[in-house]
Amino acid sequence: MASQLNQEFSALNISDVLKKKHVGIVVSEWNKEITNALLQGAESTLKEAGIENINIKWVPGSFELPLAAQYLLEYAKVDAVIAIGCLIKGETPHFHYISEAVTQSLSRLNLQYIRPVVYGVLTVENLEQAEERAGGKLGNKGSEAATVAIKMMQLKEEIHNNNGRKKLGF
Ligand code: DLZ
């Protein structure tokens, strides 16, 4: 099934300003085969778009993604952050607690830092579902997360340039 987000970059019309943007990627070591495939997808999509300033940081598990994203937003130069993880439902309630915490925390960072913090975390029932979304028949969700980051940075540029604070008068 083709994803709505899989589209040609020519259609996105990447500007030179956008190509100079800095993107952070935080990625979880849990289920590393999956997260590594998602990372490859994200990285190659950014590079295809001409974005070369990519700062990748690994963390132990998905629960650590929001803090690592905040470190990048606070201490590094990043215009957007992509958070990559893979939570697989197990026998314990861990999955729900971690999914909930990560989702809420990443969501909050978007508004707190007024920069896109993209949710590239798989929350799946089993490894097979994860594989389908990490380069399998359902595409690569890391690549899609990168497309989202690009689109949101582009949106900010559009709004800022057309209606930015620098505009004088009414
Ligand atoms: C503990 C745990 C469990 C049970 N499952 C996952 C998982 O499926 N995916 C993932 O990214 N991380 C998992 N973790 C680790 C937590 O995210 C976290 O690293 C630890 O609870 C330490 O804070």
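Quick caveat: nothing in here was measured; it's all calculated off a predicted structure.

Asker: Just checking my understanding: could you explain the overall build of the protein chain for this structure?
Answerer: Along the protein chain, the regular secondary structure elements total seven helices and six strands. N-terminal to C-terminal, the α/β element order of the protein chain is α-α-β-α-β-α-β-α-β-α-β-β-α. As displayed, the protein chain has an accessible area near 9900 Å², and 52% of this comes from carbon and sulfur atoms.

Asker: I'm lost on a nonpolar patch on the surface in this one. Help?
Answerer: The grouping of L67, Y71 and Y75 at the surface amounts to a nonpolar patch, some 390 Å² of accessible area in total. Turning to its location among the elements, Y71 is positioned in helix 4 (residues 65-75).

Asker: Could you clarify how one ought to interpret the site of the ligand in this entry?
Answerer: Around the ligand sit S28, W30, N31, G61, S62, F63, E64, C86, L87, I88, H94 and I98, and that is every residue in its neighbourhood. Within the contact set of the ligand, an oxygen atom lies 3.3 Å away from a side-chain nitrogen or oxygen of S28. Backbone polar atom of F63 to an oxygen atom of the ligand: 3.1 Å apart, as the coordinates give it. For the ligand, the protein covers 74% of the area, taking 490 Å² as the surface of the free molecule. Among the secondary structure elements, those contributing two or more residues to the shell around the ligand are strand 3 (80-88) and helix 5 (94-113).

Asker: Help me out: how do you make sense of the sheet that holds strand 3 in this one?
Answerer: Strand pairing in a sheet takes place through backbone hydrogen bonds and is either antiparallel or parallel in direction. Taking strand neighbours across the sheet as the criterion, the four strands line up as 2-1-3-4 in an open arrangement whose pairing is parallel. Only two strands of the sheet have a single partner each, and these edge strands are strand 2 (53-59) and strand 4 (117-124). Here the average twist between neighbouring strands, direction ignored, is 15°. Bridge count for strand 1 (residues 22-28) against strand 2 is seven bridges, and the pairing is parallel. Following the sheet pairing, V26 is matched in strand 2 by K57. Where helix 4 meets the sheet, it contacts strand 1, strand 2, strand 3 and strand 4, and its direction lies at approximately 160° from that of strand 1.

Asker: Would you explain the packing of helix 4 against helix 5 in this entry?
Answerer: When two helices pack together, their arrangement is captured by the angle between the axes and the distance separating the axes. For the pair helix 4 and helix 5, interaxial distance at closest approach is 9 Å and the crossing angle is 15°. Relative to helix 5, the element helix 4 lies roughly parallel. The element helix 4 and its partner helix 5 pack so that their crossing is right-handed. For the pair helix 4 and helix 5, the contacting residues are L65, P66, A69, Q70, L73 and E74 in the first and V102, S105, L106, L109, Q112 and Y113 in the second. Class assignment of the residues belonging to the contact of helix 4 with helix 5 gives a composition of eight nonpolar, three polar and one charged.

Asker: Help me understand the nonpolar core, please; the structure alone is not making it clear to me.
Answerer: The nonpolar side chains of a soluble globular protein tend to be buried, and buried together. Counting residues in hydrophobic clusters, the biggest one holds 27 residues, and the most contacted among them are I25, I34, L46, I82, I84, L122 and I150. Counting residues per element, the ones that place at least two in this core are strand 1, helix 3 (32-48), strand 3, strand 4 and helix 7 (141-163). L65, L73, V78 and Y113 belong to the second largest nonpolar core, which has 19 residues in total.

Asker: Just to check I follow, could you spell out the packing of aromatic side chains for this structure?
Answerer: Note on aromatic pairs: each is described by the distance of the centres and the angle between the planes. Per the counting criterion, the structure on display carries one aromatic pair. The side chain of K32 reaches across the aromatic face of W58, ending 4.8 Å from its centre.

Thresholds applied
- Every chain is numbered on its own, with residues counted from 1 as its sequence reads.
- The model is predicted, so local features are restricted to residues of pLDDT at least 70 and side-chain atom pairs to those at 80 or more, both for listing and for counting; the totals for chains, interfaces and linings are taken over all residues.
- Excluded from the side-chain calculation are hydrogens and water; included are all heavy atoms of the structure.
- Secondary structure elements follow DSSP: runs of H or I no shorter than four residues count as helices, runs of E no shorter than two count as strands, and numbering proceeds from the N terminus.
- All accessible-area figures derive from a Shrake-Rupley calculation using a 1.4 Å probe, and residue coverage is judged against the displayed protein chains alone.
- Patch definition: residues above 30% relative accessible area lacking any salt bridge, with like charges linked at up to 9 Å and the nonpolar side chains Val, Leu, Ile, Met, Phe, Trp and Tyr linked at up to 5 Å.
- The term salt bridge refers to a pairing of a side-chain nitrogen on Lys or Arg with a carboxyl oxygen on Asp or Glu at a separation within 4 Å.
- One heavy atom within 4 Å of a molecule or strand is enough for the residue carrying it to be called near that molecule or strand.
- Two N or O atoms count as a polar contact when they lie within 3.5 Å, although within protein this holds only if one can serve as hydrogen donor and the other as acceptor, and sequence-adjacent residues are included solely when both atoms are side-chain atoms.
- If DSSP finds at least two bridges between two strands, the strands pair.
- Helix axes are fitted to C-alpha atoms over the stretch in contact, other axes to C-alpha atoms as well, and angles between N-to-C directions run from 0 to 180 degrees.
- Note on contacts: a residue pair qualifies if any of its non-hydrogen atoms lie within 4.5 Å across the two residues.
- The scheme is simple: roughly parallel for angles under 35 degrees, roughly antiparallel for over 145, roughly perpendicular for 65 to 115, oblique for anything else.
- In this scheme the crossing of two helices becomes right-handed for a clockwise turn of the near helix relative to the far one and left-handed for an anticlockwise turn of less than a right angle.
- Note on residue classes: Ala, Val, Leu, Ile, Met, Phe, Trp, Tyr, Cys and Pro are nonpolar, Asp, Glu, Lys and Arg are charged, and everything else, Gly too, is polar.
- Side-chain atoms within 4.5 Å link the members of a nonpolar core, which is a set of buried Ala, Val, Leu, Ile, Met, Phe, Trp, Tyr and Cys residues.
- When a residue's accessible area, from a 1.4 Å probe over protein chains only, is under 20% of the maximum for its type it is buried; when over 50% it is exposed; and in between it is partly exposed.
- Each Phe, Tyr or Trp ring, with Trp reduced to its six-membered ring, pairs with another whose centre is within 6.5 Å; inter-plane angles below 30 degrees give stacked pairs, above 60 give edge-to-face pairs, and intermediate values give tilted ones.
- Our definition puts a charge over a ring when NZ of Lys or CZ of Arg is within 6 Å of the ring centre and also within 35 degrees of the ring normal.

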